[in-house]
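# Notes for the structure review
If you want the building blocks of each chain, they are given just below.
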Amino acid sequence: DTVFVKSPSMNREVKVVYILPDKAVAGNPQACPVIYLLHGYGGNARTWIGVKPELPRIADEKGVIFACPDGKNSWYWDSPLDPASQFETFVAQELPDWIDARYLTIPSREGRAVTGLSMGGHGALWVALRHKDRFGAAGSTSGGVDIRPFPDSWEMKKQLGELKDNPERW
């Protein structure tokens with residue numbers, strides 16, 4: 001399922017791909033945990049379906065909901081420079097609230113995990129460590145966890161500003 005979720009913090013809609021298990025939508029739905037999958041740099045909401053096409057089967061087998069937001073090239077930060085790039089708030093607050101209001105989930109940190117690949121792995125750890133009350137588990141695959149050696153790479157300075165001018169952000 002592909003939906004557009006309104007982000008009040010960014011004043012726009014964000015594309016999100018959801019993979020729902022049968023038990024979440026069957027005649028007698030059961031509460032399911034949610035795993036938030038964050039894509040890497042250059043990816044989009046559909047990246048995880050391409051990387052792991054068996055996600056629908058896994059969702060049914062394990063009884064989990066997968067949510068794959070389009071994080072653009074945001075690094076999943078709330079950019080102090082760009083009010084239209086507040087992806088930490090979106091992933092940590094707005095998206096879980098949206099899905100909890102529409103599906104039978106486990107609406108607590110014990111029912112939420114976040115993980116990602118590369119930039120998404122960075123984002124997963126960033127969001128989980130800063131929002132321990134929202135996520136009970138986090139993972140990172142090839143996540144860029146120390147960004148300081150790469151101040152001119154992957155559009156990070158569009159989000160944070162120049163390293164030399166903003167060392168506290170970096």
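Before reading on, note that the structure itself is shown above.
Residues numbered from 1 in each chain as written. Predicted model: local features only at pLDDT ≥ 70, side-chain atom pairs only at ≥ 80, totals over all residues. Heavy atoms only, no water.

### Looking at unusual backbone geometry
Here is the rule we go by: Comment: elements are numbered from the N terminus, with helices defined as DSSP H or I runs of at least four residues and strands as E runs of at least two. Only protein chains enter the accessibility calculation, which uses a 1.4 Å probe. A residue is then buried if its area is under 20% of the maximum for its type, exposed if over 50%, and partly exposed in between.
For Trp75, which is not a glycine, the phi torsion comes out positive at approximately 65 degrees. Inspection of the secondary structure assignment puts Trp75 in the loop between strand E4 (65-69) and helix H4 (87-102). With relative accessibility at 4%, the residue Trp75 sits in the buried group. Non-glycine residue Trp154 carries a positive phi angle of around 50 degrees. Note that Trp154 resides in the loop between strand E6 (137-141) and helix H6 (156-160). A residue is classified by how much of its surface remains accessible, and Trp154, at 38% relative accessible area, is partly exposed.

### A closer look at helix H5 (residues 119-130)
Threshold: Expected span, for any helix, means 1.5 Å times one less than how many residues it has. For this analysis, residues touch if any pair of their heavy atoms sits within 4.5 Å.
With 12 residues, H5 should cover 16 Å at 1.5 Å per step; its first-to-last C-alpha distance of 16 Å lies within 8% of that length. Within H5, burial applies to Met119, Gly120, Gly121, His122, Gly123, Ala124, Val127 and Ala128. Among the structural elements, strand E3 (34-38), H4, strand E5 (112-117) and E6 are those in contact with the buried residues of H5.

### Concerning the pattern of salt bridges
The following threshold applies: Salt bridges are defined as contacts in which a side-chain nitrogen from Lys or Arg sits within 4 Å of a carboxyl oxygen from Asp or Glu.
Applying the stated criterion to the full structure yields 11 salt bridges. A salt bridge links Arg148 to Asp146; the shortest N-O distance between them is 2.9 Å. Residues joined by salt bridges that share partners form a network here, namely Asp152, Lys157 and Glu162.

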